[in-house]
Amino acid sequence: QIVIFDCHVHRTILALLAQLPNLDSLRLASHASDQDEGVLDELEFMVANVGKIHRLKQLDIEFDCVIHGSRLSFLTRLQGLERLRLRGFDLSDGISSMGGLRNLITLHL
């Protein structure tokens, strides 16, 4: 399991992790405010890169600011996901991205 705290400042690290073939558990956390300049852009970049880690079985994302739900479209590429925990997303537009998660055992929103 890999845990990245303050992930909004670790863009390069996540890009490298996305290339690991056997990464199956990832936790991203950021306690930055959406008032901080550039934070939302960085967090949106982070979740887009998570979609490249196709072997994920467990994903935990915890943001203190709110990301637009449309950014959850990366979930459609994570068909093997079994456990998902999301905090910091506007789910009114993003809940439809979870429709294809057929292997999901645990979901925390």
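Look above for the structure.
Residues numbered from 1 in each chain as written. Predicted model: local features only at pLDDT ≥ 70, side-chain atom pairs only at ≥ 80, totals over all residues. Heavy atoms only, no water.

> Hey, could you go over a nonpolar patch on the surface for me, with residue numbers and the actual values?
Together, Ile95, Leu107 and Leu109 make up a nonpolar patch on the protein surface, roughly 270 Å² of accessible area in all. Looking at the element boundaries, isoleucine 95 is found in the loop between strand E4 (83-89) and strand E5 (106-108). (Patch = residues over 30% accessible without salt bridge, like charges linked within 9 Å, V, L, I, M, F, W, Y side chains within 5 Å. Areas by Shrake-Rupley, 256 points an atom, 1.4 Å probe, with all protein chains shown as cover. Salt bridge = Lys/Arg side-chain N within 4 Å of Asp/Glu carboxyl O. Helix = DSSP H or I, 4+ residues; strand = E, 2+ residues; numbered from the N terminus.)

> A description of the environment of leucine 107 should follow, citing residues and the corresponding values.
The topology assignment puts leucine 107 in strand E5. Here the alpha-carbon distance between leucine 107 and arginine 83, two residues 24 residues apart in the chain, equals 6.1 Å. Among residues more than four places away in sequence, those in contact with leucine 107 are Leu84 and Met98. (Contact = heavy atoms within 4.5 Å.)

> How would you sum up the pairing of strand E2 (residues 25-30)? Please name residues and give values.
The buried fraction of E2 amounts to 5 of the 6 residues, a majority that puts the element mostly inside the structure. As defined by bridge partners, strand E1 (residues 2-5) adjoins E2 across 4 bridges and the pair is classed as parallel. Across the sheet, residue isoleucine 4 finds its bridge partner in E2, namely leucine 28. Strand direction decides the pairing type here: E2 and strand E3 (residues 58-67), joined by 6 bridges, are parallel. Its bridge partner being in E3, serine 25 is matched across the sheet by glutamine 58. Handedness of the crossover joining E2 and E3 through helix H2 (residues 39-50): right-handed. (Buried < 20%, exposed > 50% of the residue type's maximum accessible area, 1.4 Å probe, protein only. Pairing = 2+ DSSP bridges. Right-handed = clockwise from strand over helix to strand, strands pointing away.)

> Got a sec to walk through the nonpolar core? Specific residues and values, please.
Leu59 and Leu75 are the most contacted members of the largest nonpolar core, which has 31 residues in total. Apart from residues lying up to four places away in sequence, leucine 59 is in contact with Leu26, Val50, Phe74, Leu75, Leu78, Leu81, Arg83, Leu84 and Arg85. (Core = buried A, V, L, I, M, F, W, Y, C linked by side-chain atoms within 4.5 Å.)

> I'd like to hear about the sheet that holds E1, residue by residue, with values.
Spatial strand order, E1-E2-E3-E4-E5: 5 strands in an open sheet with parallel pairing. Looking at which strands have only one partner, the edges of the open sheet turn out to be E1 and E5. Across this sheet, the average inter-strand angle for adjacent strands is 10 degrees, counted without regard to direction. Inspection of the sheet shows E3 paired to E4 by 6 bridges, in the parallel sense. Along E4, the bridge assignment pairs isoleucine 61 with leucine 86. Its contacts with the sheet place H2 against E2, E3 and E4, and it is angled at close to 160 degrees to E3. (Axes fitted to C-alpha atoms, helices over the stretch in contact; angles between N-to-C directions.)

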